[in-house]
Amino acid sequence: MKLYFAPNTRAERVAWLLNELGLEYEIERYTLGDKAMRTPEFLAISPNGRVPVLDDGDVRISESTAIAQYLLCRYGEGRFAPMLDSPDFPGYLQWLHYGEGMLMGPLGNYVVEAILLPPDRRSEVHAKRALRLLGNLLISIDSHLEGHDYLAGDFTIADVVTGHACMMSAQVGVDISDMQNLSAYVRRLKERPALKKVLALREAA
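Fair warning: this is a prediction, and the values are worked out from it, not measured in the lab. (Residues numbered from 1 in each chain as written. Predicted model: local features only at pLDDT ≥ 70, side-chain atom pairs only at ≥ 80, totals over all residues. Heavy atoms only, no water.)

Chemist: Can you help me understand helix H3 (residues 64-75) in this one?
Modeler: Counting along an α-helix, one turn takes 3.6 residues, and residues three or four places apart therefore face a common direction. The terminal C-alpha atoms of H3 lie 16 Å apart, and with twelve residues this matches the ideal 16 Å at 1.5 Å per residue to within 8%. Regarding H3, the residues found buried are Ser64, Thr65, Ile67, Ala68, Tyr70, Leu71 and Leu72. Along its buried surface, H3 packs onto helix H1 (11-21), strand E3 (53-56), strand E4 (59-62), helix H4 (89-116) and helix H6 (157-172). (Helix = DSSP H or I, 4+ residues; strand = E, 2+ residues; numbered from the N terminus. Expected span 1.5 Å × (residues − 1). Buried < 20%, exposed > 50% of the residue type's maximum accessible area, 1.4 Å probe, protein only. Contact = heavy atoms within 4.5 Å.)

Written out as structure tokens, the structure is:
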């Protein structure tokens, strides 16, 4: 199994879940904005020039949430998702898709406007608007976590996908200090050994 990976991208979610599942995999590492991701060779693997991409035998799949669902269906053995008849199942689906459906849009806009674009092309107005929207969207997660350790009962892949988006939101500058439930949740996730291994890859040469 091979994961095409770059630190501080959605590929961290996939590496995190692979670790949680105890699966063996190799990493082909890139960096965000790497010119190697625009070569014909890489575009043959990932036509959008993005990570993550997972190769699993004769299966090649991209999109981090789809990869998470694939891995769970193939290797989960009942872990990291509530049963279909569980009262937690509808909420699990909602929070599984909240990260991409709600958080990653403004998060991506902020990163482009505040970090990736050259200074003369950046828009402070657009960056502040994206950051403010992102903060507002995190409030509902903070409220939902009142009295709960995770988004849908026990730890699930909803926490991998949307939890990672929460962490990245705080990392780019959203102030979550007044969101006590969310702050505690992010700290709780960062204590998971499987995630610690992924965060250590940020520092690896």
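There's plenty left to go through after this.
Chemist: Quick question: what am I supposed to make of the packing of aromatic side chains here?
Modeler: A ring pair, where both rings are aromatic, is described by two values, the distance of the centres and the angle of the planes. Here the structure, examined in full by the defined rule, presents seven aromatic pairs. Arranged with centres 5.6 Å apart and planes meeting at 80°, the rings of tyrosine 150 and phenylalanine 155 form a pair that is edge-to-face. Phenylalanine 155 shares its class with tyrosine 150; the two are buried. What links up through ring pairs into an aromatic cluster is the set Trp16, Phe80, Tyr150 and Phe155. The ring centre of phenylalanine 155 lies 3.6 Å from the NZ or CZ of arginine 192, which sits over that ring. (Phe/Tyr/Trp six-rings, centres within 6.5 Å; stacked < 30°, edge-to-face > 60°. Lys NZ or Arg CZ within 6 Å of the ring centre and 35° of its normal.)

Chemist: What exactly am I supposed to notice about the nonpolar core here?
Modeler: Soluble globular proteins tend to bury their nonpolar side chains together. Membership of the largest hydrophobic core comes to 64 residues, with the highest contact counts inside it found for Trp16, Leu71, Leu103, Leu138, Ile141 and Leu182. For this core, the element with the most residues is H4, which contributes ten residues. If sequence neighbours within four positions are ignored, leucine 103 has contacts with Tyr98, Leu134, Leu137, Leu138, Ile141, Thr162, Ala165 and Cys166. (Core = buried A, V, L, I, M, F, W, Y, C linked by side-chain atoms within 4.5 Å.)

Chemist: What's the story with the sheet that holds strand E2 (residues 26-29) in this structure? I'm lost.
Modeler: Within a sheet, each strand pairs with its neighbour through backbone hydrogen bonds, oriented either parallel or antiparallel. Taken in spatial order, the four strands line up as E2-E1-E3-E4 in an open sheet, and their pairing is mixed. Each edge of the sheet is formed by a strand with only one pairing partner; in this case those strands are E2 and E4. The average undirected angle you get between the axes of adjacent strands in this sheet is 20°. Examined bridge by bridge, E3 and E4 share four bridges and lie antiparallel to one another. Residue pairing across strands places aspartate 55 opposite arginine 60, the latter belonging to E4. Packed on one face of the sheet, H3 meets E3 and E4 and runs near 140° to E4. (Pairing = 2+ DSSP bridges. Axes fitted to C-alpha atoms, helices over the stretch in contact; angles between N-to-C directions.)

Chemist: For this particular structure, what's the right way to read the pattern of salt bridges?
Modeler: When the charged atoms of two side chains lie near each other, side chains of opposite charge can form a pair. A full pass over the atoms with the stated rule returns ten salt bridges. Between glutamate 28 and lysine 2 there is a salt bridge; the shortest N-O distance is 3.2 Å. You can see glutamate 28 sitting in strand E2 and its partner lysine 2 sitting in strand E1 (residues 2-5), a full 26 residues away along the chain. Since its relative accessible area comes to 27%, glutamate 28 is described here as partly exposed. Look at the salt bridges and you will find they share partners, linking Arg10, Arg13 and Glu100 into a network. (Salt bridge = Lys/Arg side-chain N within 4 Å of Asp/Glu carboxyl O.)

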